[in-house]
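# Report on the structure
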Amino acid sequence: MHTLKSTLALRLLTSIIIMVPGKFLYHGFFSHSPCVCPDNTWLSVQMGTKAVLCCPRIPPTSGLILTTWKIHLRDKPSCSMSLNRETNQSGKNNCTDGRISWASRPDQNLELQIHPVSISHEGDYRCEMGATDGNFEHTYHLQVLVSPEVTLSLEKNRTVECKAIAGRPAAQIFWAPEGDCVTGKEYQDNGTVTTRSRCHYPDCNVSTVTCLVSHPTGNRSQSIDLLPGYLRSGIVMPPASLFLLRISLAILGLLFFQMNFVIAFSSSMKNVMGI
């Protein structure tokens, strides 16, 4: 039982490390820091940040000869970059995306750098190392995360709409307190998703509601007051404003009545005096 708990805790810690966006500074073969490269790593990176991928660590006595990065992107042709360790000469490099490059001089560091990361960089990245005593490889399955824009608005009849716009993957929306809610998703051509949720609160005892947006790039929340009053054309009129409006209309009506009375009285006097 103790071994099982330790294994689960280790897996949870590994998942947390892998899912932190923009922190993938894995140290390569020539680094003095340890490089932990489990087989076939699922890697999540936030768009706009920098990702640095490492090759597997091999013993210095292995006799490294050739290192090749093979890149298979989702919507682009495959490409590769290589280095001959014996001659320290860069070999074939048909990767046309300038944002994908060696992190530094390849004869000193075999890490691959992607900066800045965009949605088009999603795919598989495999480092293949040929040595005198065998071959070594490590594959990253790279997923690109896009942080959604969150908006919250008040509509008619105590209905509130919360939107998580253009997220990748789709965000999840929760409400506090829960209401009569309908949630849907809109898929965009660039691979992002907008999550939209509308909630109705018929109970007048509910004065404030909070929209909770859950996403791998970070959780966010926004709150809004459900003011009792009237909503027309997106403008909330609470009772105090409505009372002032009624008083203003009454005063205008009284002035209009007085003006009409003065005009009518003047006309009557003119007729009496024969003017």
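What counts, and where the lines are drawn
- Residues numbered from 1 in each chain as written.
- Predicted model: local features only at pLDDT ≥ 70, side-chain atom pairs only at ≥ 80, totals over all residues.
- Heavy atoms only, no water.
- Pairing = 2+ DSSP bridges.
- Helix = DSSP H or I, 4+ residues; strand = E, 2+ residues; numbered from the N terminus.
- Axes fitted to C-alpha atoms, helices over the stretch in contact; angles between N-to-C directions.
- Salt bridge = Lys/Arg side-chain N within 4 Å of Asp/Glu carboxyl O.
- Buried < 20%, exposed > 50% of the residue type's maximum accessible area, 1.4 Å probe, protein only.

### Some words on the sheet that holds strand β10 (residues 149-154)
- Taking strand neighbours across the sheet as the criterion, the four strands line up as β10-β11-β14-β13 in an open arrangement whose pairing is antiparallel. Both outer strands of the open sheet, β10 and β13 (180-187), are each paired with one neighbouring strand and no more. Averaged over all neighbouring strand pairs, the angle between strand axes comes to 15 degrees, with direction disregarded.
- Strand direction decides the pairing type here: strand β11 (residues 159-167) and strand β14 (residues 193-200), joined by seven bridges, are antiparallel.

### Here we look at the pattern of salt bridges
- Taken as a whole and assessed by the stated rule, the structure comprises ten salt bridges.
- The residue E161 makes a salt bridge to R196 at a minimum N-O spacing of 3.0 Å. Residue E161 is found in strand β11, and its partner R196 is found in strand β14; the two are separated by 35 residues along the sequence.
- Given a relative accessible area of 10%, E161 falls into the buried group.
- Note that R198 is salt-bridged to E161, the shortest N-O span being 3.9 Å. With R198 in strand β14 and E161 in strand β11, this residue pair connects regions lying 37 residues apart in the sequence.
- Here R198 falls in the partly exposed class, since its relative accessible area comes to 37%.
- Connected via shared salt-bridge partners are E155, E161, E186, R196 and R198.

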